Amino acid sequence: MRIYLIVAILAVLSSVALGQQDYRLVGKLPAPMMKLNDLSGGKIDTSQFKGKLVVYNLWFVGCPPCMEEIPKLNEIVNEFAGSDVEFVGLSTSNAGDINKFIAKTPFRYRLVPSAGKDMLINFGLAGPDGSLNVPFPTHVVVNREGFIEYRATGLKGVEGIREILRRETTPK
């Protein structure tokens, strides 16, 4: 019994010596680490986003609410240009379909085509039968500490993104 008490005391003291937990992060999920290729062939390694805010948009060409929100998402990108915010759009659509679409409707996020598997693995929600699914559009904001700060589905998520970015950074 005495040995267990000593071990417990040492554990508490070592946790204090190593630093205290940031209780603002309790209950938040860590952001996924991904290596992706964007539409222009550039490499995205999400581990390099540490210390930045990251806004993900999960979408596809032909999704009516996805199309409707793009002008508002572009406004947010413009508002926070020059800030330490990364905007990444993961799409299930292939590069050809995205290029045709953005020729008519510009989308200012850094776009990743054919990312359905990455979306499902990293952002999928479990259904009642245990299957994973991703509702479209989905918005995810990752804070500077690398934890998911915000997740919303549908058009209502756009203003939530703006609120978080205004709180966490200074727009231009």
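Just so you know, these numbers come straight off a predicted model, no measurement behind them.

As a further point, take the overall build of the protein chain. Secondary structure assignment for the protein chain yields five helices and nine strands. In sequence order, the protein chain lays out its α and β elements as α-β-β-β-α-β-α-β-α-β-β-β-β-α. In the protein chain, which comprises 172 residues, the share counted as buried stands at 39%. Contacts in the protein chain between residues at least 24 apart in sequence constitute 66% of all its contacts with a sequence separation of at least 6.

Summed over all chains, the structure comprises one disulfide. One disulfide in the model links Cys63 with Cys66; its S-S distance is 2.3 Å. Residues Cys63 and Cys66 are joined by a disulfide whose S-S torsion is about 70°; by sign, that bridge is right-handed. Looking at Cys66, the relative accessible area reads 1%, which means it is buried.

On inspection of all chains with the given rule, the structure shows six aromatic pairs. Pairing Phe107 with Tyr109 gives two aromatic rings, centres 4.9 Å apart and planes at 40°, and the pair type is tilted. Exposure class is identical for Phe107 and Tyr109. Each is buried. An aromatic cluster is built from Trp59, Phe87, Phe101, Phe107 and Tyr109, whose rings are joined through pairwise contacts.

In a regular helix each residue adds 1.5 Å, so 16 residues correspond to 22 Å; helix 2 (residues 64-79) covers 24 Å between its end C-alpha atoms and thus fits that length. Along its length, helix 2 reaches its greatest deviation from straightness, about 40°, at Ile70, and the proline Pro71 lies no more than four positions downstream. Of the positions making up helix 2, those classed as buried are Cys66, Glu69, Ile70, Leu73, Asn74, Ile76, Val77 and Glu79. Check the buried side of helix 2 and you find it contacts strand 3 (53-59), strand 4 (85-91), helix 3 (95-104), strand 8 (138-142) and helix 5 (157-168).

Another aspect to go through is the sheet that holds strand 3. With mixed pairing, five strands are arranged side by side in an open sheet as 5-4-3-8-9. One side of each edge strand has no neighbouring strand; the edge strands of this open sheet are strand 5 (110-112) and strand 9 (148-153). On average, each strand axis in the sheet is tilted by 20° relative to the strand beside it, whichever way the strands run. Note: strand 4 against strand 5, three bridges, orientation parallel. Paired with Gly89 across the bridge in strand 5 is Leu111.

What follows deals with the nonpolar core. Among the nonpolar cores identified, the biggest contains 24 residues, and Val55, Trp59, Phe87, Tyr109, Ile161 and Leu165 are the most heavily contacted of them. Sort the elements by how many residues they give to this core and helix 2 lands first, with five residues. Membership of the second largest hydrophobic core comes to 18 residues, among which are Leu36, Phe49, Val54 and Met119.

Our focus in this paragraph is the pairing of strand 4. The element strand 4 is extensively covered by neighbouring structure, given that seven of its seven residues are classed as buried. In strand 4, alternate side chains face the same way, and those of Val85, Phe87, Gly89 and Ser91 on one face and Glu86, Val88 and Leu90 on the other are all buried. Handedness of the crossover is the feature at issue here: the chain leaves strand 3, passes through helix 2, returns alongside strand 4, and the resulting connection is right-handed. You can see the chain leave strand 4, run along helix 3 and come back into strand 5, and the turn it takes is right-handed.

Conventions adopted
- Residues numbered from 1 in each chain as written.
- Predicted model: local features only at pLDDT ≥ 70, side-chain atom pairs only at ≥ 80, totals over all residues.
- Heavy atoms only, no water.
- Helix = DSSP H or I, 4+ residues; strand = E, 2+ residues; numbered from the N terminus.
- Buried < 20%, exposed > 50% of the residue type's maximum accessible area, 1.4 Å probe, protein only.
- Contact = heavy atoms within 4.5 Å.
- Disulfide = S-S within 2.5 Å.
- Phe/Tyr/Trp six-rings, centres within 6.5 Å; stacked < 30°, edge-to-face > 60°.
- Expected span 1.5 Å × (residues − 1).
- Bend = angle between axes of the 7 residues up to and from the residue.
- Pairing = 2+ DSSP bridges.
- Axes fitted to C-alpha atoms, helices over the stretch in contact; angles between N-to-C directions.
- Core = buried A, V, L, I, M, F, W, Y, C linked by side-chain atoms within 4.5 Å.
- Right-handed = clockwise from strand over helix to strand, strands pointing away.

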